[in-house]
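Residue-level listing of the chains:
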Amino acid sequence: MTNLLFALSVAAIAAAGLWLALRRDLVDIVIGLALVGTAANLFLFGAGRVVEARPPLLAAGETAFAHAVANPLPQALVLTAIVIGFALTCFAVALALRLAGGREVDGDALSAAEPPPARDGEPGGLP
Amino acid sequence: MNAVLLLTALPVLWPMLTMLACIACAGRSRWQEGVAFAGAVGFVAITVALLAGLADGAAYVAHFGDWPAGFAIAFRIDRLGAAMLAVSALVLLAVLLYPARVDASGPVGPWSRPLLFGLMTGVGGAFSSADLFNLYVWFEVMLIAALGLLVQGGRAAHFEAGFKYLVLNLVGTVWLLVAVGGLYGVAGQLGFGQLAAVLPGSGQAALVTVFVALLLLALLSKAAAFPLFFWLPAAYPALPTPLLALFAGLLTKVGAYGVMRVVGEIAVPVAQPLLPALGWLAVLTMLAGVLGAAWHWDMRRVLAFHIISQIGYILLGVALGSVAGLAAALFYTLHHIVVKANLFLIGGLMRRCGGSFDLRRSGGLSVTRPALALLFALPAASLVGVPLTSGFWAKYLLVRACFAQGAYAWGGVALLVGALTLYSMSKVWIEAFWRRPEAPAAAVVPLPWRAWVACGALAAITLAIGVYPQTLIAFAEAAVADLALPNGGGR
Amino acid sequence: MHATPAVHPPLAAWVRFAWLLPALLFALALGNGRWPLGVEFAWVAALDVAVAFHIDGLSRLFVLLITGIGALVLFYAPAYLAGDPRLASLVRLLLAFMAAMLGAVCADDLVLLFLFWEATSVLSFLLVGFDHEKPASREAARQALLVTGGGGLVLLAGLLLLLEAAPGLRLSTLSSLDAATVGQPLFAAGVALVLVGAMSKSAQFPFHFWLPGAMSAPTPVSAYLHSATMVKLGVYLLARFDPALSGVLSWWADALVAIGTLTAVWAAVLSLRERDLKRILAWSTVSALGTLTLLIGLPNEWGALAFAIFLLAHALYKAPLFFVAGNVDHATGTRSIDRLRGMRRALPLTATAAVLAGLSMAGLPASLGYVAKDVMSIAKSLSEPMWLVGAASVVVSAVGVAVAAVAALRVFFGPADGPPLAADGQGVSLRLDLPPLLLALCGLLLGLFPAWAEPVLLEAAGVVAPRLAGALPVLGLVDGPRLGGVAIVVALGAATYGCWDRFHLLLERLRPLDAFGPAAGYRLALRLVKSGGALVGRRMQNGRTGFYLCVSVLAVVALAAPLLPPPRWSATALDGADLGFAAAAALAVVGAVSAVAARDTLARLLAAGLVGVACAMVFLFRGAPDLAFTQLVVETVFVVVAAVALRRHRPLSPPPRVGALRAAVAVAFGALLGGLTLAVQQAPPDTQLSQFFLGASLPQAHGRNVVNVIIVDFRALDTLGEIAVVLLAAVAARPLVAALRGADAATAGRSVILAHAVAFLYPLMLFTAALVLLRGHNAPGGGFIAALLAVSASAAIALVFGPAAARSRLPLAPPALAAAGLVLALLSGLPALLLGQAFLTHQWGEITLGGFSFAFSTVLLFDLGVLCCVWGALAGFCLRLLGEGR
């Protein structure tokens, strides 16, 4: 049940994230990508297997783990990925807000860097 | 002090220190320029030292934190990595030598140089690392630095370019993370060498194949392969010329390098059944890139699509999965980085002389600027694959490897794309150099000597490889032979 | 004639004497050396490519043509372009072209041959486009480049296949190949591709159309490239291959005969359609090239001999005729045969040359053309009866006679109502008349005394037909019956000449048929390239972010999903789950669904936050307290900051709908990720790495919190890269968020109690952060978590007192703090390098200070670096975003 539930939640988060990212609102896109990142982190965490286990902490006085503990490596990797993802998400929010600049901006109509073709079908001129 | 351990860490440490130094003098432009240039010179020196020490085929290995192999993150710089580092350093030097404001393509702000060295940190790490998750980290370093450089221009075009780049590359990064996590989950290892040892005998062959495929696809999206290339033409043309040249030269090639590593070292037997698909993707990449290039009129977009097309060639070599194929891919990559960076730099000079990046609004440069014409002709010919330039030998090696393995269709497409590249470059030549401009030419503006030196030196490399390719071919073959024997020995 | 630069640079003297160089080479080649001559230098050993030359009789004939006519062309060019500033560059290009041609006909190595071959294509592009201000010149140059350059690539493919089939193959070893090698399908395919490449170069049908177009080149170029040398390169290669193939590859000879005949007839007929003297000559050149191909294909040795003689004869009459056309053009400014009449009065020497060359072209007795026709007829008569070929050759010869008559008679004789001489007074100097006269006279002299040319021609023919070496037929004026044949051809030619204009009108009416010709195929190919480009550049690269994302994800899913093994339903899949975990997972699903269902941006943001909280719970219930805490803080800070920043955001109205395809892609993406998750869960784990970390953490790395030890020690390099990302993100975002305005009055209107509470909380939170940092190595915590606490402390200050206030309470400005953090982290790794250990090997020690001993470690320095870097960068971010929202 654990495995199924876990996989289901990864799938749901990923699908919802991409669904949002495929909307045309810039902030929705960023939120969606953040969710997709969360799903990836969850998957990475799952790579260490989601079994019931104690945290990989040695209590004071212990010198070795006597009981089953969670796999510490994916945790460390996920921690790294979370922080990187957070930095990128912050950047993305700032970029989306700057791009929108308080206006309604359609993510499918960003044409300053990619001008649409000219009337005769030839490529449009870049600034 | 252990010189080997120091030298192995320097491809990351040096640019990172330069980055910090550039941040420290963010307010003083001249100082920062000097620091950056010194940093580039130092980087070149480091890579030269690395290459010099690798003549006998060993590799520089460092296990960070001095933990045992397999448990520590390892840097393992073999000839393949060292060559990529060296050519990156060279392009970096040329790009920094090239004056920042040679055309009106955008300013270079006080934060561009720190970001530039941040980018080089990622590049250096990616070419040195022998750990899959660590590779992911360096890709993220490159991604955020590239994004920063994209938006530094501060205009709508820059933000839009940055946004598309961000969205598409974040997804590529997610695939990378999933593939790395999955391989760890299945094989329990992250080091290249450990994975190479474990993957073939894994009891989870099907699952391993999926994750290797995902890893390849993630790297392909970083390399701008078909149909994952959208971010490149969407973003690159917004960059100022020197940065554009650096991006064009390096970024996609890091992805291609990753593909080489996976196919040639990490997952040699696992990737074999995936290679035909990779080959056809490479074919589509070549075709899509060159067709897009042939259609466009803006020099930057023409060249941006050519990057995609050339990536296709490199991937085709990798897809052959043989020593000859990988050697061809490596030769192609090294030659192409120099040529592509140079073409963008020269494009900036053409913009300055002709008044526009748009070929429809340029013209007559062969009369007013014969020296520039010559300077352009060399890398352009190399891109096409005209004999006596580096590009000819690159294509020759590749097509020969295709034919030797019976991949006649792939080799044939490679040659066809060569013909289409000829079409595209002749279009640039005819429009920008031959056609008389509609507006009377403005006064002939002088071109800065630094630009001449930067472009001339890169062109000289192209020519030198073209005239005497033996050294580089032998090197590429030796470097690839190292891959087949991942336990080539540390030092 | 040319308008651009007003300044005429002084003409360098070398330009006027450049012709001496080829003349010298000509004399050297004419001298009796020892043939064949071979030289070889090592070059690219890895590819078995050498700088190898092999000069035998065939090469020598070509060398003589290239240098001889080259000398005359270089003699002619300075007079033709007198006063033109581009003369020097023309001469340079011609010299380079000559070198490339010489290399191509002397090369022994196949790759070397290709190198020179492509060089001639590129140089001919530059030469044809010499008048590049005229659109027609540019288009012609491009056409010539694409056809011959593209053909060159086919040739390369062919050569590579040949080398694959017969490693180490050289041109000189072709004839010694055994039949088994030649019989391989691979070899045959290579030969076919070489044939195509040669056809494109030598303007054989269906690649012939570029040659008449290339007539926009200046006359010296046309005379050199398009009559005497470059176009014969393809024929040269065919002649090289012929001895090895004829008789072994069954289709080879037939293909040559068929292609040659078709080209010869096709071009002969189309030459009747032209009104431009140069284009008429160009078509007749194509026709001659077809004849040469046909002669190579003839199976007996007389064919080879006829090939050699006709090659020479053609060069000796066609080049002068091109010169003549150039002289007329130079003098009058026109080349139209409708306007040119009676030019003999104005240009007597040119007229003489035209008549002499015309005699040879028409194949009248006492000319080399006659000898060539003579041997040709012997060759054909000895072959199996090929009546079609015979009939074709009559047509070709008759049209040849007519073309000769047009060039020699129609232009120069008749009433003197031709166009006036050009006003610029540039008459035709002796320097312009000498080359055609000389060449045409040679044609006549060699016709009268064929023995003079016999050694060279026999040697060349002997290469093509090795059996010829023994029997030396004597060339000379031949008996009567064949003279009768000549008479018939001449009569037919005269009739054609007489009806030239009528033929012209007839063919003009057939012009619509061009839509199906090979030139139309070329144009169609260009259109295809263009529409293919539009498909990529406009349909695919359409600027729509969502489309890009959708296609990118779809591609990866579609390529990876088929590889996914089908899910296995093992018993463990249904193992019971504890309630907390189940609740967390369910909450995550609920959050995801509500993010999709939410109606406005803020709600979506909160739903996303809910997902984050659920994830934190998952982490918590699965033994990852560090992660849980990190996730929770990150999510909180993100939601709060984004919610504030979003106040200025205006969502799209009406709300965008996600199309069916996009929704399907999203679902497929989720399904793939979920499937992968399940599959990994079901695979047996390999815990080798974690076992090591769990075991070594305390004894070797002195830490009880294994996750933290991994972050700061075992995999500290990842962390270093990661804080570099954080720092770079802060630097990267500088243009995105406006600089903080001065002290803002955000406190106004806020609860005093809240203000006091926050002011009190701030140092408390920082203190907690310090504690978390210090104990992180042994208990949940560490640099990240401490940093996130500090960030939330700063954010709290900013929310209440305004971003500027929060910023003023940071120990350093945000970017400086972040950079300082990275410096600290780097510094913690450097002592190891000095001690000869790997970077980031942590050092442990104790400092005794006044009776107390402090354990000291670089690990703490590293973690402090992480704290500072993440705090500085993220606090800077949050503060700016919060400032943005105001």
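Numbers given for residues are sequential positions, taken from 1 along each chain in its written order. Here every chain gets a letter starting at A, and every ligand a number starting at 1, in the order they are written. Note on the predicted model: pLDDT of at least 70 is required for a residue's local features to be given, and 80 or more for side-chain atom pairs to be given and counted; whole-chain, interface and lining totals, by contrast, use all residues. Each side-chain value is derived from all of the structure's non-hydrogen atoms; neither hydrogens nor water enter the calculation.

Named according to an unreviewed UniProt entry, chain A is Cation:proton antiporter originating from Crenobacter luteus. UniProt positions are given in the numbering used here, feature names are shortened, and annotations may be inferred rather than shown by experiment. Taken from UniProt, the Sequence similarities (unreviewed entry) comment for chain A reads in full: "Belongs to the CPA3 antiporters (TC 2.A.63) subunit C family." Chain A has a UniProt comment under Subcellular location (unreviewed entry) that states "Cell membrane".

Attention shifts here to the overall build of chain A. By the criteria applied, helices consist of DSSP H or I runs no shorter than four residues and strands consist of E runs no shorter than two, each listed in order from the N terminus. When you go through chain A residue by residue, the secondary structure sums to three helices and zero strands. Sequence-ordered secondary structure for chain A, helices as α and strands as β, is α-α-α. Exposure is judged per residue with a 1.4 Å probe applied to protein chains only, and the accessible area is read against the type maximum: over 50% gives exposed, under 20% gives buried, and values in between give partly exposed. Residues counted as buried form 72% of the 127 residues belonging to chain A. Contacts: residue pairs with any heavy atoms within 4.5 Å of one another. Within chain A, residue pairs in contact and separated by at least 24 positions form 46% of the contacts whose partners lie at least 6 positions apart. Accessible areas in this description were obtained via Shrake-Rupley with a 1.4 Å probe; residue shielding takes into account the shown protein chains only. Of the roughly 3600 Å² that chain A leaves accessible, carbon and sulfur atoms contribute 57%. Charge assignment: positive for Lys and Arg, negative for Asp and Glu; neither His nor the chain ends contribute. Charge positions come from single atoms, namely NZ of Lys, CZ of Arg, CG of Asp or CD of Glu. Taken as two groups, the 7 positive and 10 negative side-chain charges of chain A have centres that lie 4 Å from each other.

Another aspect to go through is the UniProt feature "transmembrane region" (unreviewed entry) in chain A. Feature annotation in UniProt places "transmembrane region" (unreviewed entry) on residues 6–22, 29–48 and 76–97 of chain A, given in this structure's numbering. As annotated, residues 29–48 of chain A has a helix share of 90% and a strand share of 0%, and its two end C-alpha atoms lie 30 Å apart.

As a further point, take the environment of Trp 297 of chain B. Looking at the element boundaries, Trp 297 of chain B is found in the loop between α12 (275–295) and α13 (299–320). With 112 residues separating them in the primary sequence, Trp 297 of chain B and Ala 409 of chain B have C-alpha atoms 30 Å apart. Excluding residues that lie within four positions of it along the chain, Trp 297 of chain B makes contacts with Glu 122 and Pro 123 of chain A together with Val 302, Phe 357, Asp 358, Leu 359, Arg 360, Lys 427 and Glu 431 of chain B. Polar contacts, as counted here, are pairs of nitrogen or oxygen atoms within 3.5 Å of one another; within protein the pair requires one atom able to donate a hydrogen and one able to accept it, and residues that are adjacent in sequence qualify only if both atoms are side-chain atoms. Among the polar contacts listed, one links the side chain of Trp 297 of chain B to the side chain of Glu 122 of chain A, at a separation of 2.4 Å.

Moving on to the interface of chain C and chain B. Listed per partner, the contact involves 110 residues of chain C and 112 residues of chain B. Once two parts are brought into contact, the accessible area they lose, counted with a 1.4 Å probe and summed over both, makes up the buried area. Overall, the association of chain C and chain B removes approximately 9700 Å² of surface from exposure, summing both partners, and the carbon and sulfur fraction of that is 79%. Salt bridges are counted wherever a side-chain nitrogen of Lys or Arg sits within 4 Å of a carboxyl oxygen of Asp or Glu. On the surface where chain C and chain B come into contact, there are two salt bridges. Asp 131 of chain B serves as the salt-bridge partner of Arg 715 of chain C, at 2.6 Å between the closest nitrogen and oxygen. Where chain C meets chain B, there are 14 residue pairs in polar contact (both at pLDDT 80 or more). The leading source of residues in the side of chain C that touches chain B is helix α6 (residues 135–165) of chain C, at 14 residues.

Take the interface of chain A and chain B next. Facing 39 residues of chain A, the contacting portion of chain B comprises 43 residues. Carbon and sulfur atoms make up 74% of the surface buried where chain A meets chain B, a total of about 3500 Å² over both sides. Its largest share of buried area at the contact with chain B, chain A owes to Leu 88, Pro 123 and Leu 126 of chain A, together 17% of the area lost on that side. The interface formed by chain A and chain B includes one salt bridge.

Our next topic: helix α3 (residues 57–80) of chain C. Over its 24 residues, α3 of chain C extends 34 Å from the first C-alpha to the last, a length consistent with the 34 Å expected when each residue adds 1.5 Å. For α3 of chain C, the tally of buried residues reaches 24 of 24 residues, placing the bulk of the element in the interior. To estimate how far a helix should extend, the number of its residues minus one is multiplied by 1.5 Å.

Known as pLDDT, the predictor's per-residue confidence is scaled from 0 to 100. The pLDDT averaged across chain A works out to 89; a share of 100% of its residues lies at or above 70. The least confident element of chain A is helix α3 (residues 72–100) of chain A, whose mean pLDDT is 92; the most confident is helix α2 (residues 26–46) of chain A, at 95.

The next subject is the environment of Ala 146 of chain B. All names here are of chain B. Mapped onto the elements, Ala 146 comes out in helix α5 (residues 132–151). Given a relative accessible area of 0%, Ala 146 falls into the buried group. If we ignore the near neighbours within four places in the chain, the residues touching Ala 146 are Leu 119, Tyr 165, Phe 247 and Leu 251.

One way to see where empty space is left: roll a probe the size of a water molecule over the atoms. Space inside and on the surface of the protein is sampled on a 1 Å grid over the protein atoms alone, with a cavity defined as a set of points where a 1.4 Å probe fits but cannot get out and a pocket as an open set with protein on both sides within 12 Å along at least 5 of 7 lines; lining residues have an atom within 4 Å of a point. Grid points are joined across faces, edges and corners, and a volume is the space filled by probe spheres set on the points. Under the definition given, this model contains 14 cavities of 30 Å³ or more. Considering only enclosed or pocket space, the largest cavity measures out at about 390 Å³ in volume. What lines the largest cavity is a set of 26 residues, and nearest its centre among them are Ala 34, Gly 37, Thr 38, Gly 85 and Thr 89 of chain A. Those elements giving two or more residues to the lining of the largest cavity turn out to be α2 and α3 of chain A, α5 and α6 (156–187) of chain B together with α26 (625–645) of chain C. The dominant element in the lining of the largest cavity, judged by the number of residues it contributes, is α2 of chain A, at eight residues. Here the lining of the largest cavity is built from residues that sort into 17 nonpolar, seven polar and two charged. Its boundaries defined by the atoms lining it, the second largest cavity holds a volume of some 270 Å³. Mapped by element, the contributors of at least two residues to the lining of the second largest cavity are α12 (250–271), α13 (277–297), α14 (301–332), α15 (348–362), α16 (368–382) and α17 (387–410) of chain C. The element that contributes the greatest number of residues to the lining of the second largest cavity is α17 of chain C, accounting for eight residues. Across the lining of the second largest cavity, the residue classes tally to 14 nonpolar, nine polar and two charged. Any residue outside Ala, Val, Leu, Ile, Met, Phe, Trp, Tyr, Cys, Pro, Asp, Glu, Lys and Arg is labelled polar, Gly included; the first ten of those are nonpolar and the last four are charged.

By volume, the largest pocket is sized at about 1500 Å³. Leu 374, Ala 377 and Trp 429 of chain B together with Leu 93 and Leu 126 of chain C are, among the 43 residues lining the largest pocket, the residues nearest its centre. Broken down by secondary-structure element, the contributors of at least two residues to the lining of the largest pocket are α15 (365–368), α16 (370–384), α18 (408–434) and α19 (449–467) of chain B together with α4 (87–106) and α5 (110–128) of chain C. By residue class, the composition of the lining of the largest pocket is 32 nonpolar, eight polar and three charged.

Residue and element names in this part refer to chain C. With seven bridges connecting them, strand β1 (residues 37–44) and strand β2 (residues 49–55) associate as antiparallel partners. By the bridge assignment, Ala 42 is partnered in β2 with Ala 50. Counting the residues that bridge the hairpin from β1 to β2 gives four residues, and of these Asp 48 lies at a positive phi of roughly 60°. Between any two strands, at least two bridges found by DSSP are needed for them to pair.

This structure, assessed with the given rule, holds 37 salt bridges over all chains. With a closest N to O distance of 2.7 Å, Arg 435 of chain B and Glu 431 of chain B form a salt bridge. In this structure, the salt-bridge partner of Lys 134 of chain C is Asp 131 of chain C, at a minimum N-O distance of 3.6 Å. With relative accessibility at 9%, the residue Asp 131 of chain C sits in the buried group.

A word on the nonpolar core. By nonpolar core we mean a set of buried residues, namely Ala, Val, Leu, Ile, Met, Phe, Trp, Tyr and Cys, connected to one another through side-chain atoms within 4.5 Å. Counting residues in each nonpolar core, the largest one holds 620 residues, and the members touching the most others are Phe 91 of chain A together with Trp 175, Val 212, Tyr 236 and Phe 376 of chain B. Here this core takes 22 residues from α3 of chain A, the largest share from any one element.

We call a pair of cysteine sulfur atoms a disulfide when they lie within 2.5 Å. Per the stated rule, a full pass over the model turns up zero disulfides over all chains. Here Cys 869 of chain C stays free of any disulfide, with the sulfur of Cys 868 of chain C as its closest cysteine sulfur at 8.5 Å.

A separate point is the side chain of Ser 129 of chain B. Residues and elements named next belong to chain B. Within the secondary structure layout, Ser 129 lies in the loop between α4 (112–128) and α5. Within the structure, Ser 129 has its side chain in polar contact with the backbone nitrogen of Asp 131 (distance 3.3 Å). Apart from the residues lying within four places of it in its own chain, the contact partners of Ser 129 are Ala 74, Phe 75, Asn 134, Leu 135, Trp 138 and Phe 192.

Within chain B, residue pLDDT values average 91, and 96% of them lie at 70 or more. Between residues 485–491 of chain B, whose pLDDT stays under 50, and residues either more than four places distant or in other chains, the model counts 14 contacts.

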